[in-house]
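Fold and contact review
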Amino acid sequence: TGFWILIYRDSQLPFYHYLRWSTSMGTNQSIYDKKIKLKNKGLKNIDNDIKRYDMIKSFKSPKSLIMANNKLTLLNPMVCFEFANLKNIHDNLREVNLAHNKIQIIPEEFLHLVNISHLKLDHNEIEVIPNNFARCLYNLEELYLNHNKLSQIPWNFNKLRQLRTITLNNNQISFIPNTFGELLLVDVSLHANLLDETLFSSSTVEGTLEAILNQKIPKEYREQVRELIDSWESDGKGKSEAERQFLFFLQQDEHRKLFFEYMEKEYSHENLDFWERVDKYKTRFDSILEVKSPDLLREAIEIYTLFVAENAPHSINIPSQSGETLRKTFSDTFSFPQGINQWVFDAAYESVFRLMYSDTFTRYRLTEEGKANFAAAVKLWDTRIRRLGGK
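Residues numbered from 1 in each chain as written. Predicted model: local features only at pLDDT ≥ 70, side-chain atom pairs only at ≥ 80, totals over all residues. Heavy atoms only, no water.

A look at the packing of aromatic side chains
Evaluation of the coordinates by the stated rule reveals 24 aromatic pairs. Ring-pair connections join several aromatic residues into one group, and the members of that group are F246, F249, F259, Y262, F353, Y357, F361, Y364 and F374. Note that K239 overlies the ring of F353, its terminal NZ or CZ placed 5.1 Å from the centroid. In this structure, K282 is placed above the aromatic ring of Y349, and the distance from its NZ or CZ to the ring centre is 5.4 Å. (Phe/Tyr/Trp six-rings, centres within 6.5 Å; stacked < 30°, edge-to-face > 60°. Lys NZ or Arg CZ within 6 Å of the ring centre and 35° of its normal.)

Following this line, the structure appears as structure tokens:
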């Protein structure tokens, strides 16, 4: 349940004063470890000097940050960056509620809160969803964006494979990307937009998603579709058609999970575990920021320690040269941390991919489950391309 932090309403104190005041109440700290609640406080901005309030670190495992019903117009990028990279916040925060404010922009730095599962941004003035929103916040289960000023939804929203609830009603959206229909939703709200009425002919969520999948793409979105297909083809650059199909297979959660279970029986699952960890690391890496994200650096170190370092607990089978290069990068004071970037694991990542493809996957496809699982993935790929006019 947690302890509700109570603060005088409409106070004009800076954000860090709220937190300092609330943590000096003399109450046992452990009773409010779970929630940081700053609701209905008249907050207009979040103080830029986040490093001054070390008391945030005293919240051992906060699960929720609630700042709804304030007057926030801006999520300061550097504050978001610093806040998301406090380890106790990054590792534990699951719910962020910023509803009923006046927020206009979701900064890229906010997307470092990769572990949140519930995000409320409804009743704001947001006009654009960042393109890498879905790539970074892949753990989202519930997303509330209703009552904003959105006109478009990113084509890669289908990457939100854990998402079950989304509200987009009361915006200015005129078209929902076909790929949105691939989401495994149980609750979706799209009314009060500028959408084609045919999308609402079904009374079920499944029917609505099917209508989105099969809708005709307006001409003005054809260029975006071409860019999307090009990006898929770019992911498979240098690979054969069969290898590209295998790559798509690995990128689908439901198909990859069954393959992982097979690899566990063969005691080779650490290869897929490594590949999946690096794949998420690569897509999350924020090339826009000049400063490296501490949480991404921690993630890189964890991947290296688990799979590549000397005496790694889940050692993977990679060429000796790739292993030596990585060990030098992570242990050499001259190359660390400068050498830690989006591509640091690429050689090992590709080696593991080809090993799985030529070895474990070859055997897996000979099983009845493997045949059916891979065939379903290929069918999904072909259907997706055909729907988008790629064939």
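Here's the deal with helix α11 (residues 320–331)
Here α11 is 12 residues long and its end C-alpha atoms lie 16 Å apart, about the 16 Å a rise of 1.5 Å per residue gives. Here α11 has its buried residues at S322, G323, L326, R327, T329 and F330. All buried residues of α11 lie within an arc of 160° about the axis, which places them on one face of the element. In α11, those exposed residues whose orientation departs by more than 90 degrees from the buried face are S320, Q321, K328 and S331. On its buried face, α11 sits against α10 (294–307) and α12 (346–364). (Helix = DSSP H or I, 4+ residues; strand = E, 2+ residues; numbered from the N terminus. Expected span 1.5 Å × (residues − 1). Buried < 20%, exposed > 50% of the residue type's maximum accessible area, 1.4 Å probe, protein only. Arc of directions from axis to C-beta. Contact = heavy atoms within 4.5 Å.)

Quick look at the pattern of salt bridges
Between side chains of opposite charge, a pair can form when the charged atoms approach closely. The final tally for this structure, using the stated rule, is 14 salt bridges. Between R363 and E266 there is a salt bridge, with the nearest N and O atoms lying 2.7 Å from each other. In this pair, R363 sits in helix α12 while E266 sits in the loop between α8 (253–265) and α9 (269–284), placing the two residues 97 residues apart along the sequence. The class for E266 is partly exposed, based on a relative accessible area of 28%. Residues K282 and D346 are paired through a salt bridge, measuring 2.7 Å at the closest nitrogen-oxygen approach. Taken as a pair, K282 in helix α9 and D346 in helix α12 lie far apart in primary sequence, 64 residues in all. (Salt bridge = Lys/Arg side-chain N within 4 Å of Asp/Glu carboxyl O.)

So, unusual backbone geometry
With a phi close to 55°, H123 is a non-glycine residue in the positive phi region. We note that Y267 has phi near 60°; this positive angle belongs to a residue other than glycine. Overall, the relative accessible area of 70% leaves Y267 in the exposed class.

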